[in-house]
Every structure is written in structure tokens, then in C-alpha cells.
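Fold and geometry: a report
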Amino acid sequence: MNVSLNWLSSHLDLSGKSIKEIDDLFTFAGVEVEGIVSKGIASDKIVVAQIMEAVQHPNADKLKVTQVDAGEGQLRQIVCGARNYKVGDKVPCCLPGAELPGGFTIGETKMRGVESKGMLAAAVEIGLPPGEDGLLILPEDSPIGVPVKQLFDSDTLLELEVTPNRPDLLSHYGMARELATLLKTPLKSLETRSADVSSASSVRIDSPAACPLYTAVRISGVTIQESPAWLKQRLESIGLRPINNIVDVTNFVLHELGQPLHAFDAAKLTGSIIVRNANDGETFLALDESKHILTPDDLLISDESGAALALAGVMGGQESGVTESTTDILLESAYFTPQGIRRTSRRTALSSDSSYRFERGVDPQGVLTASALAVKLILETAGGTAEPVTQVAGEAPVLTQPVALDETKLNQLMGSSISLTDAGEILTRLGLSKLADGTWNVPSFRADLQRHIDLVEEIARVHGLDNVPSRLQSSFVPASPVDAAYDADMILRRRLAALGVFECQTIKLISDAQVSDSLTLRPMQDGDVIRVKLPLSEDHAVMRPSIVPGLVASAARNVRQQQKSLRFFEMGRVFRNSGGGKAKDQESETLAILISGGTAPTGWNQADRQADLYDLKGLINALVPNKTIRFSPRDRDGFALGCDIKADDQNIGIFARLKPARERELDFTSPVYVAELDLAKLRKLLTGIEHVEDLPQFPGSSRDAAMEVATTLPNAEIENVLLKLAEPLLVSFECFDVFNDPTGQKLPADRKSVAYRFQYRATDRTLKAEEVDAAHAKVLDALASKAGVKFR
Amino acid sequence: MKEQIPAIQSEALAQIAAAHDERSLEEVRVAVLGKKGTLTLAAAGMKDVPKEDKAEVGQLLNAARSAITTALEGKQSALQDLADQAALTGIDVTLPARHVATGALHPLTLIRDEAISILRRMGFSLADGPEIEDEFHCFDALNTPADHPARNEKDTFYFDSGKLLRTHTSSVQIRTMESAKPPIRIIAPGSAYRRDEIDATHLSVFNQLEGLYVAEDVSLPDLKGTLEYFFRELYGPQTEVRFRPHFFPFTEPSFEIDVKLTVKGQAPRWIEVAGCGMVDPAVFDAINASRKDKAFDPEKTTGFAFGMGLDRLAMIRWGIKDIRLLIENDMRFLKQFA
């Protein structure tokens, strides 16, 4: 809401308060100051000066060198390019140090080699409305040397954000009332006129729930014309455009008192005003020329002709408004129930200063006051005669009730930082009054104060948290499962970062197209994707079922930035339905890793090496070093080399490479390997060891074996034979070489040589060579018979 | 013999002195002290030496062996020193390092972890809840009126199921109080969603950190002390913290928190960092109704809650001007946090 400081000052004395003080005052009242715009001249260093001499600049055709009298006892030389003045004119002179709008500070300078000690200014250059081209020529009687600001009106516009619980602040009077409370200064009394009222037959309310109170005054013989200067200035000061005297008065009263009004052209009305619900499908043409089809939930101002004159509290109709030819008006001032206005405003997408206030709640007791002020101002600015009585239908609803203030609870919440007396004094300043039974009567404009806590809030707000002590105390709490998960995740994150992987954060809403990059632990079926109803764009239409699509997109972006080494991970939630859209939506947490391109930057002693799948396998193993990570092939739609990732025997995630066609599509020049791991399972693997193992007391022996097998034989088959055999003396084995020769010269092309080293040891003795040989023979036998291995 | 031994000795010593590496030294040793070495052969000739000369020749032999052995050891040690010296010369320590891959945590993780570390020191434990929420946990139980603008489909993401993406982590307050009794002292970091177009200051998916303390006799001094302490731990002990009255449906009184920060070369200014307030009794009423008990008796139970935007804290901490940098994952950005 825009508030003019001058306007505000018409209600209370703010003299001597700096803008900073007023800013703080609003801020600590709970009203956020979003902007402060000074209008008029700000600087004291812009003074009235008389031009005593002006001669041609020796080096520039378009410049003159002037000598001006700025009341300093000696003349000041200023170079000036304007042409609209003559010697003897008085003009604004910006002295060195003067700050101009836009943060520009005047200094002493040389212009084309001639000294210039200041600037002679045009109106717009010093913050005044633009005038004629060239310098601002001041009145002849302007005193030389005085600040120009003294000759012009200035004002400050405050852009304020009022919270939804405080509709009483949505007017200058309401704001002034609040400031007066905080400053403990008196509010200038509002000039009000009590209207004579009659419960008239000329207004009928058919929907008392939506409109408890409706008042109307007829004013005849008005002249529609431009508003007087003071009125136009008020409206312009808060950024409103003056229209004509009647409309301007209603707008003025709205921003003065917070009560929206509406003026009808009485000639366009037929019989009584009828406040009724719209018929289903009834059309309404608003004065902004928009057309609306209404529902019975919308409230209309109508008459005996049945016309839709106005959408109650939201906007007037095009047909019934005041025009230049209007002579008689009917002035509406009413109380409409907030919820109804809010629904209509939202449904029709129509909002106005009126609906903004009605939907937050206006003061029911202010309806007639506002009407009376408007009538007075209309008579002043438009002439005419007002009906002596105001037609009133319904009655002002009572929205407040007495509220008790409990001292014990007050002390508890405030830490006994305020006495009951002082608390009561704050409430009194806020317009509440203590009743005989000790409860507090709440003024009609503070319908937000309904409960004990509402009173405490007011006391705390006015008292200020500055005046409340700080208490530093805590209690013991047990760690939760979420704590354990968080700690495990941080371990994983730090390990990955130490392993040279960069953590990413991608958006959890992805596009439909990205879903095909998903690598989910369980394959997706139709309907498993969770789609938001009204996406902001196609790019953010579904909840990610996997983190991989986000990482792929991030990696692709980095490829476009010429990054050669891509190593990314992200942890977080993924979302899916577990039954084709018919079961529950599930949220789980995963870790996704992507690697592609160089494993490290190349250097003078480092050759380039492109990451392969064993790098990613190694990264995963490094996360859980005391487990053995195995990849077990399982096809995945849309990916190549799909594998289940197993830690010991448990499935913990999926690995794959992007299909080469997809890699080309995204301009990757190296294979892209991705993995998505189930964090719930991974965290459990981080628990560490329970007992240390005794160190071996006796030396072991190793034996190597070079095996010749079909190139198609997976290494896993060899491992499986060894694991199944469970030879007690075989403590470990390791594949240390794989060789094949596609030319078929050293080895048939369909065969490969796989070399293993086997380590034998007993816990209770040093093994004899014969024992080792016997165990090794068993191992080789098993490999030969179970895996078809030949030994070379 | 008496003449021969000194000759062998002097020749051997000359050869040792002339040896220029381990190998030539070894050749000298073999040539003199080996099985067929000159001194070995001379020693073998002892049997032919007349008895009366044996003592003298024996002495000569021993003296020669001792001198030669000493010379050999001395030379070997000298050669080793030379080799060691050679091994250490010519190394250019100023050549660049071998690259070791280093990664980095995301700035959001860094700021979240810092915030969580501080709050855990203060006795908060972690809690969480679903991001796909229902209206009850996101709005109703948080005292949000049925026609509140935040419930609008223009501001909040809904699903056909009627569920929605939580607009704040405050829903975790409700989830926690439904399943636990006071005292409750939790923090909940997590994502929240609003239908905001993505620009330099808005993300439709952003990150918050929620806090809740509910017990008997939780007061404004607790709220103030807790959050002042938190922000001074986060931004430095001298940090000024101020509480501006504000409005949230689920707390009363409510405040927004500003901290006064100085960016190098700029005047200090107040920056909004969090919202907070005392839990509104209407929230306890809703919880009790949901639990079907009186575990959160509004007559006895009080509490405070707070929420802050982690993306914003990260932006303030590192002077990040465009929030989109936090989700674009540009390596040139991420590397700065290594």
C-alpha cells in the first residue's frame, strides 16, 4: 500500500521525525517498508542563484561560461549548455557536494579547459516534474542563496506491506492511528459528521449473510468536473490518476478511511437498490470492460429492473457508472462479508482497491462515517444537494467481543518482562477499554483480536522484542532415525567429494522427456510417474522418479561449457507411484553418480585417461570399502550395460551406461556411466565393524594361475566357483591380468587369458609346501570342472 | 714374500682409489681378496715361508688385509655418498603437482550442515516428513483459513489425487506432533515448492530449515535467545539480530528476523533471514483433534517455531547473486567450493 507522508501528517504531528525514524516505526509495528521514494528536492546544496554574466566558451560553440551569485559573497563560475535563460534570471544552482536524484554528486570540474564550480539545473535534474527545456527559471523574487527545496512542495511516498491480519491499517487514518499509539502522540480528531439515517424502503438486501449492512445517499444536481488541486494532489501523491471529482472523492475516502465506496449514476437506476446473489450464468460487464459469467455465490448490486449494476465490493458495472453527463448520484457505502468477496474476486480474476479491503475486512462501524465524509466532499467539489437522510438497510455486524487478559499466561510468555499495568496501558493506547468484569473491550476496527493470545501479540509487538530478555537453555534430546540417516549421508557426501566427485543439486520437477533417462531401482510401469496438475512449464511437469535425469542434464550443460572431466553426484528424494498410479505415492531417497570423460586433468607427467565402468564401480566400492561390490547384468530399457549393483549379496542399486545414441544426442564425446543407489540400504552398510580380526600369526603362500577361457565367460563365474568351493586355506584371490588377442596369433580370438593370484594361509601354523599345493590343486580342479577353465 | 706383500698392498690400494663405481670396486675386491685374489694366493704361500719368517710375514699379511678392507669400505661409503648425491640433484621441485582429483560439496549442503551443526549443539534433533503432502498437514492444521491465497492452484502445485507439494517445511511440525508428545525439540531441513516462475531470486523448488520447540513454559525469551544465538554462531558473535513483528497463520506472536550484515565496500544493512513465532494455540487444538487426545493442552503447552530459507542463507554467505546458480551445477561454480 502506498502512503504519503504529507497525507499521514494531516492526522498526526510527525514534525521532527526523520525518514529513518518513521521507517523504524513502521518496521517495528509489523509493517514492512518495501520502498521509500522522496519527491521534490532533497539536497540543501541546491540554492537560488542569479546569473550575472554569460560569455561564449572559448573552446565550445554550444557552451557558455557564466558567473552566478549564489549568495556566497563572490561570484561562482559555472559552464552551462542551456539557452533558455537571460542574464539576471534566477535559477537553481547545484553547489559542489549536492546530491542529485540517481545518486549523482556534483563536483568542481573543468569543461573543455574552463573551470566550472557546480551546475545550473533543469527541473527534472533536481527531482521536480519536468518543465520547459533548459534551466528552471525561478520567480524573480526568489531570495538568492536559499535552498531551492524551500520553494517547492516535497513529499515522501512509503511503499508499505500490510499483513493480512491488519486490514485496519489499509488507510492513511488507520496508519496514523497506529503511529499515534506507538509514538504516544495524539491523533488529530477526524472531522466526522453523524448522518441522519432511516431504514429505507429504497434499499433491499436479499442476501444478509453476504451483505449485513448497505447504505445509500442520493445527491442531486452535481457537476462532474476536474477535482480541486488539493484533491488531485492527494491522489497523485500515492500514485493514483485523478479522473473526476466524484470518482476522486470516493477514491480519496477509501485511502483516507479504508472504507470502499461506489457512486452510481442515479439516472441509470430503476426503483430500489436490491442486493442479491447473481443468477447462475448471469452476465456482468465490469467498468474495466471485462465480461463475466456469474454464479449464485457472487453478490450483485441490482435494482428493480434486474440489471447487474455492480459486482458487490469488487467492481462497478460499465452501464451504471458516473459519466460526464451525470447529474444525480447514489453513493453506496456498505459492509460485505470478506469470504464472499474473496471467492468472487478469485473466480472472476477481478481485483480492486475495494475488493482488497473488503476481503480482509473493513470496520463495520466506519461505513456511515465514510459515507458522511464523502457526501461532504462531493458537495464541496461538485455542488448539488444531498438527501437529508441516509438510506440504511441491515445493520452493522458486531465482529468483536470482550477478551480476557490472563496475567499468569502473559508473564509466562513474555518472561515477566512487562507488568500487567504496562500491558494494560498498551491495550488502552490501541483503543481497547477495560470492562467492569476485567475483560477488554475491542474496538470495531480490530476484529483480529479475538483470543487471549491475540492480546499478547499486541502487547509483545508494542513492547518490542528488544525489551524481552533472551533465555539460553536447552533440554536433552535423543538422536532420531533421521539424525542417523543424515550422519550417514554426510559421510557418503564427504567420501565422494574426497574421491573427486562434485555434489549437484537439481530440480525435483523434471520434464516428461527426461523421464526416459530415469534409472529407477524397480523398473517403471505406465502410470508410475507422478504428474503435477498445473505445471509452470513442460520442463517441470513431473516429480523425478530418479536423480539420473537431472545429473545427465547437468552434465550435458557442462559439456557445452567445454568441461572434459565430469564427475557428479546428488542425493535426495525420488517420487513414484508403486502401482501404475493406483497405489500410494512413494518417496524414497537415493544417491546418483555420473562419470564421463577424463578421470583427472592431464598434466606434464599425467596422460589422459577416460573414465570407464570400472572407475564407477571403484567409486561405489570406496563408499563401502569393507564390502565387495559386484555388478550383475540386468537389461534396463533405454540404457546400455544395465547391471544390478550388489554389495555382498544384497541389491543396493543399478548401474548403466547411456545408450551411445543418447550420448551423441546430448553432445557427449565420452561414454556416460551412471548409477543410482538406494540410500536406505547404503546407510546400513556404513555401520562399520563390530570386532577387529586378529592379525595373522603365520605367513601365507601365494600361487598364480593363468587360465584360458572363452572370451564370453564372465569373471563372475570364476569368482562364483571360488566362493562356492569355500576352500578353508584360500584366504583371498585376485584377478591381476586379462589378456586377449583379436588377431588370434597369441591366443585364439574367441579365448582370453585370465590370471589370478591365490593366497593360502592357516591361522594356527605355517603351511607346508605340500599343503599349499594340495589346496591349490583343489582350487584348480574346481575351476576346470565347474567353469571349464584350461590352464596355460 | 716380504717384498711381494707390500707390493700387493700398494697396488690394491691404488686400484681401490681408482675405482669409479660399485662394479669396478667389486672387481678390485675379487682380484685381491677373492678365491684367486692376489692377497689370497699370497696367504696360501705361507706354508712355504721359512719358519723363522712366518711371524713377520703373517704380520705383513694381516696388515695388508686390514688396510685393503678399510680402504674398500671407505671407498664403498664414498661411492654411496656420491650416488645418493646424484640421486638428489637435478630434481625440479618447482614443476607443477600431479593432479589429484578433488570434488566438492554443494554450497547448499555446506550451509545446511553448518546450520544443523549449530542447532544440534543447542539440543535439537532431526525430523522429516513427506514432500507430497495433504491439505491437512500443509494448511488446515497450521491454522490456514480455507480461502487463504496460499492454497490457490496458482501458488501451490496440486496433484489429481488432491494432494499437493508442501509449500513449506512447517508441515513437518504437524507430522512430528502427531506422533510424539512434548517435549519436542526438532529441526527439519527439506525441500518446499511454490508455483513461482524461476528467476534470479525465485526457484519453484527451494530449501528450508524448520525448527520447533514445544514443552511446558516455552516463552518469547526462549525464542529470542535461541535464534539470536543461532545467527551469531552462523554469522559471527558480533552480529546484530532484530525481530520485526509479522504475521503467520500458525504462530502468534510472529516475527521476521533480520541480521545486520556488512558486505565489503558497502554500508551495513539489515537482511531478512527467517520467520518465527510462538506456536498458535489453534495449531495445538488441531493436533489434539488429529491425535484424539489432549497431549498438547493449550492451557499448559507452549512452543516456538522458526523457518528459514537455506538457499537464501547460502546466497548471503557467499554473495551469490543469482539463485539459479544453485541448481545449474556449472563446474566453474561448484569448483569454487572445493
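Just so it is clear, the model here is predicted, and its values are computed rather than measured. (Residues numbered from 1 in each chain as written. Chains lettered and ligands numbered in written order. Predicted model: local features only at pLDDT ≥ 70, side-chain atom pairs only at ≥ 80, totals over all residues.)

Concerning the interface of chain B and chain A
Of the residues lining the interface, 65 residues belong to chain B; the matching set on chain A comes to 75 residues. Listed by contribution, the elements that provide at least two residues to the side of chain B that touches chain A are helix 5 (107–121), strand 1 (125–126), strand 4 (184–193), helix 8 (220–235), strand 6 (241–248), strand 7 (251–261), helix 11 (325–328) and helix 12 (331–334) of chain B. Per-element accounting of the side of chain B that touches chain A gives the leading share, seven residues, to helix 8 of chain B. Of the residues in the side of chain B that touches chain A, the class split is 31 nonpolar, 14 polar and 20 charged. (Contact = placed C-beta atoms within 7 Å. Helix = DSSP H or I, 4+ residues; strand = E, 2+ residues; numbered from the N terminus. Nonpolar A, V, L, I, M, F, W, Y, C, P; charged D, E, K, R; others polar.)

A closer look at the domain arrangement of chain A
The domain architecture assigned to chain A consists of domain 1 (2–40 + 155–183), domain 2 (46–151), domain 3 (196–394), domain 4 (407–467), domain 5 (482–687) and domain 6 (701–791). Of note, the centres of domain 3 of chain A and domain 4 of chain A, computed from C-alpha atoms alone, are 36 Å apart. (Domains from an automatic or database assignment.)

Topic: the nonpolar core
Residues and elements named next belong to chain A. In terms of nonpolar packing, the biggest core is built from 147 residues, with Leu-551, Ala-592, Ile-593, Leu-594, Ile-645, Val-674 and Ala-675 touching the most fellow members. Leaving out residues up to four positions away in the same chain, Ile-593 has contacts with Val-501, Phe-569, Leu-616, Leu-619, Val-674 and Ala-675. Membership of the second largest hydrophobic core comes to 76 residues, among which are Val-3, Leu-169, Phe-358 and Ala-382. (Core = buried A, V, L, I, M, F, W, Y, C linked by C-beta atoms within 7 Å. Buried ≥ 20, exposed ≤ 12 C-beta atoms within 10 Å, placed from the backbone.)

Focus: the packing of helix 1 (residues 4–18) of chain B against helix 4 (residues 51–88) of chain B
All names here are of chain B. It is at 10 Å that the axes of helix 1 and helix 4 come closest, and there the two elements cross at 0°. The angle between helix 1 and helix 4 places the two elements in the roughly parallel class. Counted together, Ile-5, Pro-6, Ile-8, Gln-9, Ala-12, Leu-13 and Ile-16 of helix 1 and Val-57, Leu-60, Leu-61, Ala-64, Ala-67, Ile-68, Ala-71, Leu-72 and Lys-75 of helix 4 form the full contact between these two elements. Considering only residue class, the contact of helix 1 with helix 4 consists of 14 nonpolar, one polar and one charged. (Axes fitted to C-alpha atoms, helices over the stretch in contact; angles between N-to-C directions. Parallel < 35°, antiparallel > 145°, perpendicular 65-115°, else oblique.)

Things to note about helix 5 (residues 245–257) of chain A
Residues and elements named next belong to chain A. In this model, helix 5 (13 residues) spans 18 Å end to end at C-alpha, consistent with the 18 Å of a helix rising 1.5 Å per residue. Counting buried residues in helix 5 gives twelve out of 13 residues, a clear majority hidden from the surface. Within helix 5 the residues assigned to the buried category are Asn-245, Ile-246, Asp-248, Val-249, Thr-250, Asn-251, Phe-252, Val-253, Leu-254, His-255, Glu-256 and Leu-257. Residue Gly-258 follows helix 5 closely and has a positive phi angle near 90°. (Expected span 1.5 Å × (residues − 1).)

Section: the sheet that holds strand 37 (residues 701–710) of chain A
Residues and elements named next belong to chain A. On the basis of which strands lie adjacent, the open sheet formed by four strands has the order 38-39-37-40 and antiparallel pairing. The open sheet terminates on both sides in strands that have one partner only, identified here as strand 38 (730–740) and strand 40 (790–791). Sheet topology note: the strand 38/strand 39 (residues 751–760) ladder contains nine bridges and is antiparallel. Residue pairing in the sheet places Cys-735 in a bridge with Tyr-756 of strand 39. (Pairing = 2+ DSSP bridges.)

So, unusual backbone geometry
The omega angle of the peptide bond from Pro182(B) to Pro183(B) is 0°, so this bond is cis rather than trans. The omega angle of the peptide bond from Glu252(B) to Pro253(B) is -5°, so this bond is cis rather than trans. By the secondary structure assignment, Pro253(B) is in strand 7. Positive phi values are uncommon outside glycine, yet Lys184(A) reaches one of about 55°. Looking at the secondary structure, you find Lys184(A) in the loop between helix 3 (172–183) and strand 13 (196–199). The class of Lys184(A) is exposed, set by 8 C-beta atoms lying within 10 Å. Although it is not a glycine, Asp648(A) adopts a positive phi angle of roughly 50°. When you line up the elements, Asp648(A) lands in the loop between strand 34 (639–647) and strand 35 (650–658).

Here's the deal with the packing of helix 1 of chain B against helix 2 (residues 22–33) of chain B
Residue and element names in this part refer to chain B. Contact geometry for helix 1 and helix 2: axes closest at 9 Å, N-to-C directions at 165°. Compared by their axis directions, helix 1 and helix 2 come out roughly antiparallel. The element helix 1 and its partner helix 2 pack so that their crossing is left-handed. Every residue of helix 2 that contacts helix 1 at Ala-12, Gln-15 and Ile-16 is listed here: Leu-25, Val-28 and Val-32. Looking at the contact of helix 1 with helix 2, its residues break down into five nonpolar, one polar and no charged. (Left-handed = near helix turned anticlockwise from the far one by under 90°.)

Thoughts on helix 8 (residues 367–382) of chain A
Residue and element names in this part refer to chain A. When the terminal C-alpha atoms of helix 8 are compared, their 22 Å separation across 16 residues agrees well with the 22 Å that a helix rising 1.5 Å per residue should span. Counted residue by residue, helix 8 has 13 buried out of 16 residues, so it is predominantly covered. Of the residues flanking the end of helix 8, it is Gly-383, one or two places downstream, whose phi is positive at about 70°.

Side note on the environment of Arg531(A)
All names here are of chain A. Here Arg-531 lies in the loop between strand 29 (509–510) and strand 30 (542–543). Accessibility expressed as a C-beta count within 10 Å gives 16 for Arg-531, which makes it partly exposed. Sequence-wise, Arg-531 and Ala-386 are 145 residues apart; in three dimensions their C-alpha atoms are separated by 61 Å. For Arg-531, the residues in contact, after removing those within four places along its chain, are Ala-541 and Val-542.

So, the sheet that holds strand 1 (residues 2–4) of chain A
All names here are of chain A. Reading across the sheet, the three strands line up as 1-12-2 and stay open at both edges, with antiparallel pairing between neighbours. The sheet is open, and its two edges are formed by strand 1 and strand 2 (32–39), each paired on a single side. Strand-to-strand twist of the sheet, defined as the mean angle between neighbouring strand axes without regard to direction, takes the value 25°. Where strand 2 meets strand 12 (residues 155–161), seven bridges bridge the pair, whose relative direction is antiparallel. Counted as the bridge partner of Glu-32 is Glu-161 from strand 12.

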